[in-house]
Structures are given as structure tokens and as C-alpha cells.
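Structural characterization, general
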Amino acid sequence: VQLQASGGGLVQAGGSLRLSCAASGSGVSIGGMGWYRQAPGKERELVAFRSSGGSASYADSVKGRFTISRDKNTVYLQMSSLKPEDTAVYYCNVNRIQLGRPIRNYWGQGTLVTVSS
């Protein structure tokens, strides 16, 4: 599975960005897809996750501001009302499934989001 993430950049506080991450691979089935982030000096944390069944979950810090969506094997993260504390490298994460069960987990290369105050 190859993951190609894009959409990061510099934005002012209160602005919006949309991240995308496309998963590709011959004969591969993708299950849940999500986004994590890692700010300087901090541990990587889960931002949002969308299960293969379509349910979405969010970190408390982004609820009401971020929306995760999916179109086939591409996952999106629409980020609105951005705050300086949202500044981080954002990573997509996907589960490869086989017979409906996750068999392997993959990370994207990371895309930097910088929110200026």
C-alpha cells in the first residue's frame, strides 16, 4: 500500500485547510482510515478516524472544527477554525484488510500544517 498525502500549508488562525490522503495498491482492500498529528516536542496523537463502516470519531480538541470523510480509498480531513495549537505534522494512517480483518497498518509521509496567530 502506498499513501500519498497532500494539502498542508501555512494558514492564519481561523482559517481552513483540507488534507487528503490517497491509498493505492494492486488488489488491496482498505479498512479504517484516519489522521494523526505530531507537534514539536509532543507525542503523536489521533485526530480523527473513520471506520470501514463509516462511523467517525474525533479527538476532543478538534470536535466541531474538523471533519473526516472518505471517497473510496482517499481520506480527507477538512479543518476549519484552525488554531495555532493545531500546528503539527499530520499523518494519515490506514488499515489494510483481508477477509474483513485488519492485517497491516500503514503510515503516510506526513504533511505540515502551520497555523499562525
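Right above here is the structure, for reference.
Residues numbered from 1 in each chain as written. Predicted model: local features only at pLDDT ≥ 70, side-chain atom pairs only at ≥ 80, totals over all residues. Heavy atoms only, no water.

Some points on the pattern of salt bridges
- Applying the stated criterion across every chain yields a total of four salt bridges.
- Between glutamate 45 and arginine 37 there is a salt bridge, with the nearest N and O atoms lying 2.7 Å from each other.
- Two residues, lysine 63 and aspartate 60, come together in a salt bridge whose shortest N-O distance is 3.1 Å. Accessibility assignment for this pair places lysine 63 and aspartate 60 in one class, exposed.
- Linked by salt bridges that have partners in common, Arg37, Glu45, Arg65 and Asp86 make up one network. (Salt bridge = Lys/Arg side-chain N within 4 Å of Asp/Glu carboxyl O. Buried < 20%, exposed > 50% of the residue type's maximum accessible area, 1.4 Å probe, protein only.)

Examining the packing of aromatic side chains
- Overall, the coordinates contain two aromatic pairs when judged by the stated rule.
- Judged by centre distance (4.9 Å) and plane angle (65°), the rings of tyrosine 36 and tryptophan 107 are edge-to-face. Of this pair, tyrosine 36 sits in strand E4 (residues 29-38) while tryptophan 107 sits in strand E10 (residues 101-107), and the two are 71 residues apart along the sequence.
- Taking the relative accessible area as the measure of exposure, tryptophan 107 reaches 40% and is therefore partly exposed.
- Ring centres 6.4 Å apart and planes at 90° place the aromatic pair tyrosine 91 and tryptophan 107 in the edge-to-face group. Taken together, the residues tyrosine 91 in strand E9 (residues 88-98) and tryptophan 107 in strand E10 connect sequence positions 16 residues apart.
- Ring pairing ties together the aromatic residues Tyr36, Tyr91 and Trp107, which thus form one cluster. (Phe/Tyr/Trp six-rings, centres within 6.5 Å; stacked < 30°, edge-to-face > 60°. Helix = DSSP H or I, 4+ residues; strand = E, 2+ residues; numbered from the N terminus.)

No statement about biological role is implied by the geometric values presented.
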